[in-house]
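Chain by chain, the residues:
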Amino acid sequence: MATSDPIADLLDRYGDYEIAGRETASGNGISGWQCENPFAQRLIQSVLRAASKIDHIAYSYIEDDDTLQTQILNFHDSAERYQPQSVFPAAGSNSLLFSFVAHLKALDVHEVYYLPPMYFTLFHALRLFGIRARPISSFHAFEATFQMNLPDRKTYLLLSDPIWYAGVQVPTAVLAEISAWQEKTGSLVFVDGTFQLMPWGKTLCEGTVRLTPDSTFRVISPTKSLAIHGYRFAYLLLPKRYRQRFANVHGSIYSSSVAENNLFAREALKAVSARTITNSLISLAQARYHLMVKKGLIGHRIDPQCGYFVFAEPKPVIAAFPNLLDGNYFGQGRFPTYVRINLLSPKLSPLIGND
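Since the structure is predicted, the reported quantities are computational estimates derived from the model, not experimental observations.

On to the overall build of the chain. Of the regular secondary structure elements, the chain holds 13 helices and 11 strands. Each of the 355 residues in the chain was classed as buried or not, and the buried ones make up 55%. In the chain, the share of contacts with a sequence separation of at least 24, taken over all contacts with a separation of at least 6, comes to 76%. Looking at the chain as shown, the accessible area adds up to about 15600 Å², and 51% of this sits on carbon and sulfur atoms. When the 33 basic and 30 acidic side-chain charges of the chain are each reduced to a single mean position, those positions are 4 Å apart.

Attention now moves to unusual backbone geometry. Note that the residue after P116, namely P117, is joined by a cis bond; omega there is 5°. With respect to the helices, strands and loops of the structure, P117 is situated in the loop between strand 2 (111–115) and helix 6 (120–128). The linkage connecting D161 with the following residue, P162, adopts the cis geometry, with an omega of 5°. When you line up the elements, P162 lands in the loop between strand 4 (156–160) and helix 7 (172–185). Even without a glycine there, the phi angle at R81 is positive, about 55°. Within the secondary structure, R81 is located in the loop between helix 4 (66–80) and strand 1 (86–90). One non-glycine residue, S255, lies in positive phi territory at about 60°. Relative to the elements of secondary structure, S255 occurs in the loop between helix 9 (240–254) and helix 10 (259–274).

What follows concerns the packing of helix 5 (residues 93–106) against helix 9. Packing of helix 5 against helix 9 brings their axes to within 9 Å, and their N-to-C directions diverge by 115°. In terms of axis orientation, helix 5 runs roughly perpendicular to helix 9. Between helix 5 and helix 9 the crossing geometry is right-handed. Between helix 5, through N94, S95, L96, F98, S99, F100, A102, H103 and A106, and helix 9, the contact on the second element is made entirely by Y242, R245, F246, V249, H250, I253 and Y254. Split by residue class, the contact of helix 5 with helix 9 holds 10 nonpolar, five polar and one charged.

The interhelical angle for the contact between helix 4 and helix 10, taken along N-to-C directions, is 15°, at an axis separation of 10 Å. With respect to their mutual orientation, helix 4 and helix 10 come out roughly parallel. Note that helix 4 runs across helix 10; the crossing there is left-handed. Of helix 10, the residues touching helix 4 (which contributes T67, L68, Q71, I72 and F75) are A265, R266, L269, K270, V272 and S273.

About the criteria used
- Residues numbered from 1 in each chain as written.
- Predicted model: local features only at pLDDT ≥ 70, side-chain atom pairs only at ≥ 80, totals over all residues.
- Heavy atoms only, no water.
- Helix = DSSP H or I, 4+ residues; strand = E, 2+ residues; numbered from the N terminus.
- Buried < 20%, exposed > 50% of the residue type's maximum accessible area, 1.4 Å probe, protein only.
- Contact = heavy atoms within 4.5 Å.
- Areas by Shrake-Rupley, 256 points an atom, 1.4 Å probe, with all protein chains shown as cover.
- Lys, Arg positive; Asp, Glu negative; His and termini not counted.
- Charge placed at Lys NZ, Arg CZ, Asp CG, Glu CD.
- Axes fitted to C-alpha atoms, helices over the stretch in contact; angles between N-to-C directions.
- Parallel < 35°, antiparallel > 145°, perpendicular 65-115°, else oblique.
- Left-handed = near helix turned anticlockwise from the far one by under 90°.
- Nonpolar A, V, L, I, M, F, W, Y, C, P; charged D, E, K, R; others polar.

The structure is reproduced here in structure tokens:
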């Protein structure tokens, strides 16, 4: 039932979606999160071979892996000419999103601003910790009517880049304005950059690197860009002055990781740097997208630029599938006929066939 609270409505929708049925809950639908990936076997086999030689008895803390941290810092220096102050690896991006909000609570923060849309985990955590979330726009950054109203004081701003459900990046001009505002006010910016390593171009051109490293938190998820979800690995780029406090908060909630995650993380960083798997996945997603357009399976759409989701108007064959996620799941009611489609969904391959 709809309420006067849009955040409560969004969280209720997600809750209903996740318990609606076995297929939905496991993410196998057209709008779901499970992915086909014919390119990952060699990496997985490498991790499995190495796993036979590690200690499965002792606690394993992925955030204490100095070799992994060096790999991450070197990767961003090489790929983006960006030098983060510090890095905090973890078992999955959700743990980082939730821990960041817990970290804000530990800092006695009572209010934050956000650029919609924001992933429901952040909404959920903000609500649990009693932190008010105030939007700086009524629109999403890809909309022609988009404009934002940044507060004229030092505060906290949360944003998602790319806008994951539509596969589009926050425009460079918007990020430039946020960067100038951050420099002027000294505000802290948190970037949910889960899909940032998956642009449809051949090189990384991430606009959030212009944000001030001393006042920016940025989440990256190699498991997303490799579409390997059986392991859990993401990391947070963050100011050095916050790392120990954040580590304490995260550790009190999630404790240690699974031993294999450390092995996978190192291999994943090598694969992310090489981009062979990611580029193959992007090529597959692009081919499927163009086939869907050619075969008339989708109509009007927001052309994707990254990731493996597209936000589009489904034609009857697609629309007949159950549990499609429309814009209301993302705080987006201005495209009432559009739904999110996973271009790597296992349900999509038999539907579109080959050209």
